[in-house]
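Residue-level structure breakdown
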Amino acid sequence: MSFLFGKSSNKTFKPKKNIPEGSHQYELLKHAEATLGSGNLRMAVMLPEGEDLNEWVAVNTVDFFNQINMLYGTITDFCTEESCPVMSAGPKYEYHWADGTNIKKPIKCSAPKYIDYLMTWVQDQLDDETLFPSKIGVPFKRNFMSVAKTILKRLFRVYAHIYHQHFDSVMQLQEEAHLNTSFKHFIFFVQEFNLIDRKELVPLQELIEKLTTKDR
């Protein structure tokens, strides 16, 4: 779950989101880490018996945010206004930013700006106790799953940008194993609970097929 990174990557792009120790969600996170350690990612993403699906999705969404935060933190020196004037995933896919509140009409911006908007927006959702309750017994809102799906859909775009535009830098830093393991875990998770539309995954379709066919 929380992969170890080389010394180049101890900076995160945004502050890490911590799950409070001693909470049920912390126990779930520890369960997930233990299951991941077994090496079977298909099993590791399954809903543990007797657990609440919303809570399981919440814990994993926080963890994926932290992972992507760290991964992007390793390559921020290479992802600049000059190198990435648009937020893209290869020549065919370009993303424009809108969050529906501060920026209602999608705007074209550089990749670092887009990812800054995106990660700040995700952080705001994760910090919202009404959406991501950290206390036991506080119910999840009815719209929780649709918010989680939007978060995961947007986090996917950061993976897509890193793979398409910065994989050479990732290899130079010898971080490709971390990136691949993190992305494979992410994909198995969203596939298990059908959390991202297939059309959204098209920019990395070949890679997804390659990473997942071995484990069918």
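Residues numbered from 1 in each chain as written. Predicted model: local features only at pLDDT ≥ 70, side-chain atom pairs only at ≥ 80, totals over all residues. Heavy atoms only, no water.

Taking an unreviewed UniProt entry as the reference, the protein chain is identified by name as MOB kinase activator 1B belonging to Sphaeramia orbicularis.

**Concerning the pattern of salt bridges**
Oppositely charged side chains can form a pair if their charged atoms are brought close together. For clarity, the cut-off: Should a side-chain nitrogen of Lys or Arg be within 4 Å of a carboxyl oxygen of Asp or Glu, the pair is scored as a salt bridge. Secondary structure elements follow DSSP: runs of H or I of four or more residues count as helices, runs of E of two or more count as strands, with numbering from the N terminus. Partly exposed describes any residue whose relative accessible area lies between the buried limit of under 20% and the exposed limit of over 50%, with all areas from a 1.4 Å probe on protein chains only and scaled to the type maximum.
If you walk through the whole model with that rule in mind, you get three salt bridges. Between Lys-108 and Glu-94 there is a salt bridge, with the nearest N and O atoms lying 3.6 Å from each other. Of this pair, Lys-108 sits in the loop between β2 (94-95) and α4 (111-126) while Glu-94 sits in strand β2; the two residues are 14 residues apart in sequence, bridging distant segments of the chain. Residue classification places Lys-108 among the exposed positions, given a relative accessible area of 55%. Taking the shortest distance from any N to any O, the salt bridge between Glu-200 and Arg-157 comes out at 3.4 Å.

**Things to note about the packing of aromatic side chains**
Rule in force here: Geometry of aromatic contacts follows a simple scheme: Phe, Tyr and Trp rings, the Trp one being its six-membered ring, pair when their centres are within 6.5 Å, and the pair is stacked under 30 degrees between planes, edge-to-face over 60, tilted otherwise. Only lysine NZ and arginine CZ atoms are considered, and such an atom sits over a ring when it is within 6 Å of the ring centre and within 35 degrees of the ring normal.
Summed over the entire model, instances satisfying the criterion amount to 15 aromatic pairs. Ring pairing ties together the aromatic residues Phe-64, Phe-156, Tyr-159, Tyr-163, Phe-167, Phe-183, Phe-186, Phe-189 and Phe-193, which thus form one cluster. The ring of Trp-121 has Arg-154 lying over it, and the distance from NZ or CZ to the ring centre is 4.4 Å.

**Digging into the environment of Gln-165**
As a reminder, the rule being used: Residues are treated as being in contact if the distance between any of their heavy atoms lies within 4.5 Å. Any N or O atom pair separated by 3.5 Å or less is treated as a polar contact, with the protein-specific requirement of one donor-capable and one acceptor-capable atom, and with residues adjacent in sequence counted only for side-chain atom pairs.
Inspection of the secondary structure puts Gln-165 in helix α5 (residues 144-172). On the basis of relative accessibility, which here comes to 34%, the residue Gln-165 falls in the partly exposed class. Dropping the residues within four chain positions of it, Gln-165 is found in contact with Ser-88, Ala-89 and Gly-90. In this structure the side chain of Gln-165 is engaged in a polar contact, spanning 2.9 Å, whose partner is the backbone nitrogen of Gly-90.

**Overview of the packing of α5 against helix α6 (residues 176-192)**
Our working rule: All axes are obtained by fitting lines to C-alpha atoms, using only the stretch in contact for helices, and the reported angles, taken between N-to-C directions, cover 0 to 180 degrees. Put simply, angles under 35 degrees are roughly parallel, angles over 145 are roughly antiparallel, angles from 65 to 115 are roughly perpendicular, and the rest are oblique. Definitions for this section: a left-handed crossing has its near helix turned counterclockwise from the far helix by less than a right angle. A right-handed crossing has that turn clockwise. Each residue is assigned to one class: nonpolar for Ala, Val, Leu, Ile, Met, Phe, Trp, Tyr, Cys and Pro, charged for Asp, Glu, Lys and Arg, and polar for all the others, Gly among them.
Where α5 meets α6, the axes come as close as 11 Å, and the angle between the chain directions of the two elements is 155°. Considering their axes alone, α5 and α6 lie roughly antiparallel with respect to each other. Here the hand of the crossing between α5 and α6 comes out left-handed. Residue-level contacts link Leu-152, Leu-155, Phe-156, Tyr-159, Ile-162, Tyr-163, Phe-167, Val-170 and Met-171 of α5 to Glu-176, Leu-179, Asn-180, Ser-182, Phe-183, Phe-186 and Val-190 of α6. For the contact of α5 with α6, the class distribution of residues is 13 nonpolar, two polar and one charged.

**Brief notes about unusual backbone geometry**
Positive phi, close to 60°, is recorded for Gln-174, a residue that is not glycine. Counting through the fold element by element, Gln-174 comes out in the loop between α5 and α6. The exposed category is assigned to Gln-174, whose relative accessible area is 66%. Backbone geometry at Asn-194 places phi at a positive 55°, although glycine is not the residue there. As for its position among the elements, Asn-194 is in the loop between α6 and α7 (205-213).

**Focus on the UniProt feature "binding site: Zn(2+)" (unreviewed entry) in the protein chain**
Going by this rule: UniProt positions are given in the numbering used here, feature names are shortened, and annotations may be inferred rather than shown by experiment.
Cross-referencing UniProt, the feature "binding site: Zn(2+)" (unreviewed entry) maps to Cys-79, Cys-84, His-161 and His-166 in the present numbering. Taken along the chain, the residues just named run across 88 residues; in space they keep tight, none of their C-alpha pairs more than 9.9 Å apart. Excluding residues within four positions of it along the chain, Cys-84 makes contact with Cys-79, Ser-110, Ala-111, Pro-112, His-161 and His-166. Tracing the backbone shows His-166 in helix α5. Those residues in contact with His-166, other than ones at most four positions away along the chain, are Ile-75, Phe-78, Cys-79, Ser-83, Cys-84 and His-161.

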